[in-house]
Amino acid sequence: MDKFLIYGGEKLFGTVKLDCAKNAILPIMAASIMADDVTLLDVPDYLDIQNMEKILSFLGIKVTRKNKVMHISTIGLNNYFVPITLAKELRSSIFVLGPLLSKLKKAKVAYPGGCEIGLRPIDLHLKGLQELGVKIEESHGYIFCDGSKMKSGVVNLDFQSVGATENIMMASVLLEGKTIIHNPAKEPEIVDLQNFLNSLGAHISGAGTDNIEIIGTSRLGSTTYSPISDRIICGTMLIACAMCGGKIVVENARPEHFFSLINKLQKSGCKINLNNDKITIESKGKLKSVGLIKTLPYPGFPTDLMPQMLAMQTISKGCCVVQENLFETRFKFAQELLKMGAKITIKDRIAFVCGVKNLSGADVFAHDLRGGAALVLAGLCAKGYTTVHNVYHIDRGYNHLENTLSSLGAKIIRQSEE
Ligand code: UD1
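The structure reproduced in this document is the subject of the present report.

## Notes on the overall build of the protein chain
- Helix and strand content of the protein chain: 14 helices and 26 strands.
- Taken over the C-alpha trace, the protein chain has a radius of gyration of 21 Å; the compact-globule value for 418 residues is 22 Å, and the two agree within 12%.
- If one aligns the C-alpha atoms of the protein chain with their principal axes, the spans along those axes are about 65 × 45 × 40 Å.
- For the protein chain, the proportion of contacts with a sequence separation of at least 24, taken over those separated by at least 6, is 72%.
- Accessible area of the protein chain: about 16500 Å², with a carbon and sulfur share of 51%.
- If you average the places of the 47 positive and of the 40 negative side-chain charges in the protein chain, the two averages end up 5 Å apart.

## Let's talk about the sheet that holds strand β21 (residues 319–323)
- Here four strands make up an open sheet; going across it, the order is β19-β21-β23-β22 and the pairing mixed. The strands lining the two open edges of the sheet, one partner per strand, are β19 (292–294) and β22 (343–347). Averaged over all neighbouring strand pairs, the angle between strand axes comes to 15 degrees, with direction disregarded.
- Pairing of β22 with strand β23 (residues 350–354) involves five bridges; the strand directions are antiparallel. Each residue of the ladder has a partner; that of I344, found in β23, is V353.

## Thoughts on unusual backbone geometry
- Following Y298, the chain continues to P299 via a peptide bond in cis, the omega torsion being 15 degrees.
- When you line up the elements, P299 lands in the loop between β19 and α10 (306–313).
- For K105, which is not a glycine, the phi torsion comes out positive at approximately 65 degrees.
- Within the fold, K105 resides in the loop between α4 (97–104) and β7 (106–110).
- A relative accessible area of 30% places K105 in the partly exposed class.
- Of note in this structure, H400 is not a glycine but carries a positive phi near 50 degrees.
- Mapping H400 onto the fold places it in the loop between α13 (392–395) and α14 (401–407).

## Section: the side chain of D304
- With respect to the helices and strands, D304 occurs in the loop between β19 and α10.
- The class for D304 is buried, based on a relative accessible area of 17%.
- Dropping the residues within four chain positions of it, D304 is found in contact with N23, I232, R330 and R370.

## Overview of the site of the ligand
- Within the structure, the ligand sits among 18 residues, and D123, L124, S161, D304 and L326 are positioned closest to it.
- In the environment of the ligand, an oxygen atom lies 2.6 Å from a nitrogen or oxygen atom belonging to the side chain of S161.
- The separation between an oxygen atom of the ligand and a polar side-chain atom of D304 is 2.5 Å.
- Here the ligand, which alone exposes 740 Å², has 88% of that area covered by the protein.
- Listed by contribution, the elements that provide at least two residues to the shell around the ligand are α5 (123–131) and α6 (162–172).
- Considering every element that reaches the shell around the ligand, the biggest residue donor is α5, with three residues.
- The class makeup of the residues in the shell around the ligand is seven nonpolar, six polar and five charged.

## As for the nonpolar core
- One finds L40, F196, L197, L310, L337 and V376 to be the most contacted residues of the largest nonpolar core, which totals 145 residues.
- Residue contributions to this core peak at eleven residues, all from helix α8 (residues 231–244).

## Topic: the environment of G384
- Mapping G384 onto the fold places it in the loop between α12 (369–381) and β25 (385–389).
- Taking the C-alpha atoms as reference, G384 lies 8.2 Å from I6; in sequence the two are 378 residues apart.
- Setting aside residues up to four positions removed in sequence, G384 forms contacts with I6, Y7 and G8.

## Notes on α4
- Most of α4 is tucked away, with six of its eight residues classed as buried.
- On its buried face, α4 sits against α1 (22–31), β7, α5, β9 (142–146) and α6.
- Once α4 finishes, K105 follows within two positions and takes phi at roughly 65 degrees, a positive value.

## A word on the pattern of salt bridges
- For the coordinates displayed, the defined rule picks out 20 salt bridges.
- For E10, the salt bridge goes to K411, with nearest N and O atoms at 3.2 Å. Highlighted residues: E10 in the loop between β1 (2–7) and β2 (12–17) and K411 in strand β26 (residues 411–416), separated in sequence by 401 residues.
- Residue E10 is classed as partly exposed on the basis of its relative accessible area of 27%.
- For K411, a relative accessible area of 43% translates into the label partly exposed.
- Salt-bridge contacts for R349 lead to E328; the nearest nitrogen and oxygen are separated by 3.8 Å. One end of the pair, R349, is in the loop between β22 and β23; the other, E328, is in the loop between β21 and α11 (332–338), and 21 residues separate them in sequence.
- Under the relative-accessibility criterion, E328 is labelled partly exposed at 31%.
- If you follow the salt bridges from partner to partner, you end up with D2, D395, E402 and R414 in one network.

Rules used throughout
Residues numbered from 1 in each chain as written. Predicted model: local features only at pLDDT ≥ 70, side-chain atom pairs only at ≥ 80, totals over all residues. Heavy atoms only, no water. Helix = DSSP H or I, 4+ residues; strand = E, 2+ residues; numbered from the N terminus. Rg over C-alpha atoms; globule rule 2.2 N^0.38 Å. Contact = heavy atoms within 4.5 Å. Areas by Shrake-Rupley, 256 points an atom, 1.4 Å probe, with all protein chains shown as cover. Lys, Arg positive; Asp, Glu negative; His and termini not counted. Charge placed at Lys NZ, Arg CZ, Asp CG, Glu CD. Pairing = 2+ DSSP bridges. Axes fitted to C-alpha atoms, helices over the stretch in contact; angles between N-to-C directions. Buried < 20%, exposed > 50% of the residue type's maximum accessible area, 1.4 Å probe, protein only. Near = heavy atom within 4 Å. Polar contact = N/O pair within 3.5 Å; in protein donor to acceptor, adjacent residues only side chain to side chain. Nonpolar A, V, L, I, M, F, W, Y, C, P; charged D, E, K, R; others polar. Core = buried A, V, L, I, M, F, W, Y, C linked by side-chain atoms within 4.5 Å. Salt bridge = Lys/Arg side-chain N within 4 Å of Asp/Glu carboxyl O.

Here's what the structure looks like:
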């Protein structure tokens, strides 16, 4: 178990180059089950990606990595079962359900784990698969799926779930005929999954719009693919600089993926410059409150940047209402910010935040991935020392966050808990 020790108050200067997005790579790795050979470029070393590698290996798939290149060869695929010991480590373990059904017509998968930020049911995944003719039985913590009578059709999603959209897309790739998903999620990672599958020979169109159309194909081949860069890490770095002051450049970014954040950073007084794949932010560290933050499915403000943005409001002049519309219990990190002198009142899914002049360093505990990142950002601009415990949550989606921040001038080190 590791912790971060942070000495706050340093301005940030320098350049960060983004790797591929965790939320793009995880479904792409699962979709690779249906392919022959896949090579993925710019793959970072997050804990969640290591856990997905373990799941693929358990299924008989060979996953090798050299530097940031991952090679996946499915020739040994010999299993359709994911045990609870592997599934409990990440929510995205559920992504293998669609590809296994598509390829082997059966799957037995334990209920997924992942960040505890809400109930996170999988009913929409299962309902969508049932609409494609999958027979599902749930017992003793496992989901048994029989896809022998699967056929293409129409799936109406009651809510724009990212994971359910991706699972249903993957499940229908190898079905004869046309499948349509109405009301899908529109996140950039879904468009990326479509592009990846099409590079293998699939026929999918409409990702990012109100309807996705999948024309079945009999088999998928091989590809070399570079998934899109990580918009949440990009946002985390921009917010870090806004809070600490300084000037940083984020390279390999896709500014079109998060204008909702860029607008808010400008509103709070930061200077932003967009130049192709580079975003430059300059901040004097004296911020104005943005007034209202409401998380919504894409293209609305991303729930995965809400904790970092809320942390920023704790040192911004004025008051702000933060409304979390996606997950029920995503404010645990805010309780930790109170220990640092933040003024926050929480009622159900709404937090009222009034800015204070300075946060003060304290011992705080990460309870989930993005909430943990928010505590690190608070520590970077707080007076004195902050210790962030339970860093393993942060490692799920940031590759040695301490190194990236140190390279920008922050005083942060990793230590093991005694
Ligand atoms: C994905 C992202 C996660 C992000 C989230 C919302 C990945 C690997 N993870 O998670 O980082 O925070 O999108 O942008 O891409 N829901 C149901 N039933 C279901 C599925 C979802 O009720 O079957 C609800 C969830 O409880 C939640 C909402 O729908 O309230 C959104 O969840 P969803 O979009 O599915 O998120 P994930 O795919 O889990």
